[in-house]
Amino acid sequence: MSKVEFKPGTMIYPLPAVLVSCGSTPEEYNLITIAWTGTICSDPPMCYISVRPERHSYEIIKKNMEFVINLTTDNLARQTDWCGCRSGKKFDKWKEMNLTPGKARLVNAPTVVESPVNIECKVKEIIHLGTHDMFIAEVVNVIVEESLIDKKTGKFDLSGAKPLVYNHGEYFNLGGKIGKFGWSVEKKPKIKTKK
Ligand SMILES: Cc1cc2nc3c(=O)[nH]c(=O)nc-3n(C[C@H](O)[C@H](O)[C@H](O)COP(=O)(O)O)c2cc1C
């Protein structure tokens, strides 16, 4: 394999491109597309979003200290891109993109009804990094689309929702399944041989 050095940059890809909804009143409700996001702790469940201070959403989130991460799918790809190219300073993104604000249970921010997974977050800390501020948040409630839960096993399967993936400036959907957690170390069943 022949390799070259590349300038230091944000090269961790692929990432999800999520729709973050914020605002405590309908007049304030806004949507921002975020790729700088991720899980940082299992218990308590914690995640982060990194937001540039010049975004319209920045002040709204900072004021309310609550937001919802809405996972995106194949059929939300256009809305996800659009909400990441237009500002709530000038547009009502909900109206423009035909998205519906829903009711979160524990936070003062709307969910996106059309998204299959709504993750309600409460900000614990804001860290100033440079271009972006990192909002570290605790997940206080998760709302999921019922049809993604297997009725018999109760297992949640997100692949059925065709999650959207952001890879160095481009959007993709997932390819086929190539394994499951732990499969590489699973013990192979012993084959009984007749003596
Ligand atoms: C795929 C994608 C990912 C983005 N990720 C981020 C991000 O992680 N942080 C950020 O501050 N802006 C990000 N943006 C840019 C904002 O979504 C964009 O500036 C948006 O118009 C801000 O909206 P607002 O001004 O209504 O808050 C992203 C845009 C796209 C298209």
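Right above here is the structure, for reference.
Since the model is a prediction, treat every value here as computed from it, not as a measurement.

### Quick notes on the pairing of strand β4 (residues 37-41)
Phase 1: One ladder, built from four bridges, connects β4 with strand β5 (residues 46-51); its direction is antiparallel. Bridged to T37 within β5 is I49.
Phase 2: Two successive antiparallel strands, β4 and β5, enclose a turn made up of four residues.

### Notes on the pattern of salt bridges
Phase 1: Under the defined criterion, the tally for this structure stands at five salt bridges.
Phase 2: Ionic pairing is found between K63 and E28, a salt bridge with its closest N-O pair at 2.4 Å. In this pair, K63 sits in helix α1 (residues 56-64) while E28 sits in the loop between β2 (18-22) and β3 (30-34), placing the two residues 35 residues apart along the sequence.
Phase 3: According to the relative accessible area criterion, K63 is exposed, its value standing at 55%.
Phase 4: On the basis of relative accessible area, E28 is assigned to the buried category, the value being 16%.
Phase 5: The residue K180 makes a salt bridge to E186 at a minimum N-O spacing of 3.4 Å.
Phase 6: Judged by relative accessible area, which is 44%, E186 ranks as partly exposed.

### Side note on the site of the ligand
Phase 1: Looking at the ligand, there are 22 residues lining it, with T33, S57, R86, S87 and G88 nearest.
Phase 2: Here W36 contributes a backbone N or O atom positioned 2.9 Å from an oxygen atom of the ligand.
Phase 3: R52 places a main-chain nitrogen or oxygen 2.9 Å from an oxygen atom of the ligand.
Phase 4: With the chains in place, 89% of the 650 Å² that the ligand exposes on its own is no longer accessible.
Phase 5: Listing elements by their share of the shell around the ligand, those giving two or more residues are β3, β5 and α1.
Phase 6: Of the residues forming the shell around the ligand, the biggest block, four residues, is contributed by β3.

### Observations regarding the packing of aromatic side chains
Phase 1: Applying the stated criterion to the full structure yields six aromatic pairs.
Phase 2: On the basis of an interplanar angle of 50 degrees and a centroid distance of 6.5 Å, the ring pair of Y13 and W36 is categorised as tilted. Here the residue Y13 occupies a position in the segment before β1 (15-16), and W36 occupies one in the loop between β3 and β4, the gap between them amounting to 23 residues.
Phase 3: For W36, a relative accessible area of 25% gives the class partly exposed.
Phase 4: Ring plane angle 80 degrees and centroid distance 5.2 Å describe the contact between W82 and F91, whose orientation is recorded as edge-to-face.
Phase 5: Judged by relative accessible area, which is 17%, W82 ranks as buried.
Phase 6: Of the aromatic side chains, those joined through ring pairs into one cluster are Y13, W36, Y166 and Y171.

Each value, and the rule that gives it
- As a convention, each chain's residues are numbered from 1 in the sequence order in which they are written.
- Local features in this predicted model are restricted to residues of pLDDT 70 or higher, and side-chain atom pairs are both shown and tallied only at a pLDDT of 80 or more, whereas totals for entire chains, interfaces and linings draw on every residue.
- Note that the side-chain values use all heavy atoms of the structure and ignore hydrogens as well as water.
- The criterion for strand pairing is that DSSP finds at least two bridges linking the strands in question.
- Helix numbers and strand numbers start at the N terminus; a helix is a DSSP run of H or I with at least 4 residues, a strand a run of E with at least 2.
- The salt bridge definition used is simple: a Lys or Arg side-chain nitrogen within 4 Å of an Asp or Glu carboxyl oxygen.
- Think of it in three bands: residues with accessible area under 20% of the maximum for their type are buried, residues over 50% are exposed, and the middle band is partly exposed, with areas taken using a 1.4 Å probe on protein chains only.
- Each residue is tested against the molecule or strand, and it is near if at least one of its non-hydrogen atoms lies within 4 Å.
- N or O atoms within 3.5 Å of each other form a polar contact, as long as, within protein, one can give a hydrogen and the other can take it, and as long as residues adjacent in sequence are counted only when both atoms are side-chain atoms.
- The protein chains shown are the only cover counted for residues, whose accessible areas, like all others here, come from Shrake-Rupley with a 1.4 Å probe.
- Any two of the Phe, Tyr and Trp rings considered here, Trp counted by its six-membered ring, make a pair once their centres fall within 6.5 Å; the pair's planes then place it as stacked at under 30 degrees, edge-to-face at over 60, or tilted in between.

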